[in-house]
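Structural overview for review
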Amino acid sequence: MAEIGMIGAGSWGTALTWLLGNNGHHVTVWSAIKDEIDLLNENREHTDKLPGVKLKDDVIFTTDLKEACSNKDILVLAVPSPFTRSTAKQMKDHVRYGQLIVSVAKGLEEDTLDTLSMIIEEEIPQSKVVVLCGPSHAEEVGKGMPTVVVAGSKDCQDAKYVQDIFMSDVFRVYTSDDPYGMQLGAALKNVIALAAGIEDGIGYGDNTKAALITRGIAEISRLGVAAGGDEATFHGLTGIGDLIVTCASQHSRNRRAGILIGQGKSYDEAMKEVKQVVEGVYSAKSAMQLAKKYHVEIPIIEQVNAILFDGKDPKQAINDLMCRDKKEEI
Ligand SMILES: NC(=O)c1ccc[n+]([C@@H]2O[C@H](COP(=O)([O-])OP(=O)(O)OC[C@H]3O[C@@H](n4cnc5c(N)ncnc54)[C@H](O)[C@@H]3O)[C@@H](O)[C@H]2O)c1
């Protein structure tokens with residue numbers, strides 16, 4: 001049995017707490033939000049974000065970051081990506097030398113273009129980071145539906161340790177030595193999910209969706225490989241796998257935001273209605289900066305940026321994609 005600190009108590013932190021509890025581990029859950037900790041203490045369930053998923057009696061809920069970080073075998077950082085740096089900064093003084101931190105959020109920081117593992121390593125230099133991602137909606141993990149993800153680290157022993165801790169008969173974990181490529185895939189697929197939602201909102205069909213997914217992964221791989229990721233990673237669970245789930249799923253908040261925009265809502269209206277952090281919006285800007293740095297064409301992501309930030313008409317954006325210069329596919 002391992003002692004685990006779950007830093008972040010949103011949908012994903014809650015689903016992973018349920019999974020790790022079922023695997024026989026002891027979890028202490030931290031949230032920055034006192035009301036959230038009170039709610040969890042009272043119900044042993046996140047009735048707002050993951051209703052129906054009951055957590056074990058021995059799970060501890062706290063707003064004390066020192067309590068959540070001290071004497072743990074593993075810390076899991078599960079706050080949404082815009083809060084990764086600020087949360088890591090607060091954790092620093094409570095983290096021991098050589099502490100394993102599992103990064104499970106998805107995003108790419110604007111301007112620095114740092115992945116989340118880079119941010120954690122920068123803010124908590126005494127830690128060792130393993131990335132865990134793949135096609136995995138909290139709502140399905142919390143119901144024990146078979147899910148397959150990847151644990152990635154340059155240190156294969158660390159990745160194997162995390163694989164052992166998380167793996168169960170409903171949660172299969174592969175390992176990878178390309179955490180950078182994994183994180184680029186995980187962040188960039190959210191931008192394509194916005195495009196898939198926009199297409200759904202306009203009322204286009206399966207042909208358009210299939211085109212967005214396949215041309216989307218072509219775009220992600222092109223940029224990811226230029227930036228230093230391994231091409232095979234983008235063809236795996238954290239690349240095409242995560243892209244498929246997020247473009248097709250009712251659970252994807254990025255797709256939901258896209259649907260609202262495709263239906264004619266403004267950016268502000270869509271964000272207000274979705275309520276949760278729509279990470280694709282942040283990653284859309286970072287992707288443009290990354291593409292500029294590596295001189296890579298990313299036409300779909302470019303159009304998503306134009307719709308989100310310049311108010312471009314979504315139908316016109318898809319029309320512009322359709323009317324680009326003739327090309328060979330591969
Ligand atoms: N939900 C999923 O199915 C899922 C699956 C895989 C990965 N992820 C990734 O995990 C991360 C978390 O996703 P989520 O679905 O749990 O998000 P969420 O929107 O449910 O998380 C919100 C939580 O973030 C925390 N929070 C809010 N403000 C904060 C602040 N200022 N500082 C620190 N923490 C704060 C609170 O615990 C809040 O409940 C994201 O990067 C997401 O992409 C989510």
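1. Details of the domain arrangement of the protein chain
Interface size is often expressed as the accessible area that is lost when the parts come together. Partitioning the protein chain into structural domains gives domain 1 (3-177) and domain 2 (180-322). For domain 1 versus domain 2, the separation of C-alpha centres amounts to 25 Å. Listed by partner, the interface residues are 30 residues for domain 1 and 28 residues for domain 2. Between the two partners, domain 1 and domain 2, sit eight residue pairs in polar contact (both at pLDDT 80 or more). Where the side of domain 1 that touches domain 2 is concerned, the elements lending two or more residues are helix 5 (116-123), strand 6 (128-133), helix 6 (138-141), strand 7 (147-152) and strand 8 (171-176).

2. A short note on the site of the ligand
Around the ligand there are 23 residues in total, and Trp12, Glu36, Ala138, Arg253 and Glu279 lie nearest to it. With respect to the ligand, the backbone of Ser11 contributes an N or O atom lying 3.0 Å from an oxygen atom. At a separation of 2.5 Å, an oxygen atom of the ligand approaches a polar side-chain atom of Arg253. Burial of the ligand by the surrounding chains reaches 88%, relative to a free accessible area of 830 Å².

3. Regarding the packing of helix 8 (residues 179-202) against helix 11 (residues 237-248)
Direction vectors running N to C along helix 8 and helix 11 enclose 30 degrees, while the axes themselves pass 9 Å from each other. Here helix 11 runs roughly parallel to helix 8, going by the angle between their axes. Crossing of helix 8 against helix 11: the hand is right-handed. Along the contact surface, helix 8 presents Met182, Gly185, Ala186, Lys189, Asn190, Ile192, Ala193 and Ala196, while helix 11 presents Thr238, Asp242, Leu243, Thr246 and Cys247. Each residue belonging to the contact of helix 8 with helix 11 can be placed in one class, and the counts come to seven nonpolar, four polar and two charged.

Calculation notes
Residues numbered from 1 in each chain as written. Predicted model: local features only at pLDDT ≥ 70, side-chain atom pairs only at ≥ 80, totals over all residues. Heavy atoms only, no water. Domains from an automatic or database assignment. Contact = heavy atoms within 4.5 Å. Polar contact = N/O pair within 3.5 Å; in protein donor to acceptor, adjacent residues only side chain to side chain. Helix = DSSP H or I, 4+ residues; strand = E, 2+ residues; numbered from the N terminus. Near = heavy atom within 4 Å. Areas by Shrake-Rupley, 256 points an atom, 1.4 Å probe, with all protein chains shown as cover. Axes fitted to C-alpha atoms, helices over the stretch in contact; angles between N-to-C directions. Parallel < 35°, antiparallel > 145°, perpendicular 65-115°, else oblique. Left-handed = near helix turned anticlockwise from the far one by under 90°. Nonpolar A, V, L, I, M, F, W, Y, C, P; charged D, E, K, R; others polar.

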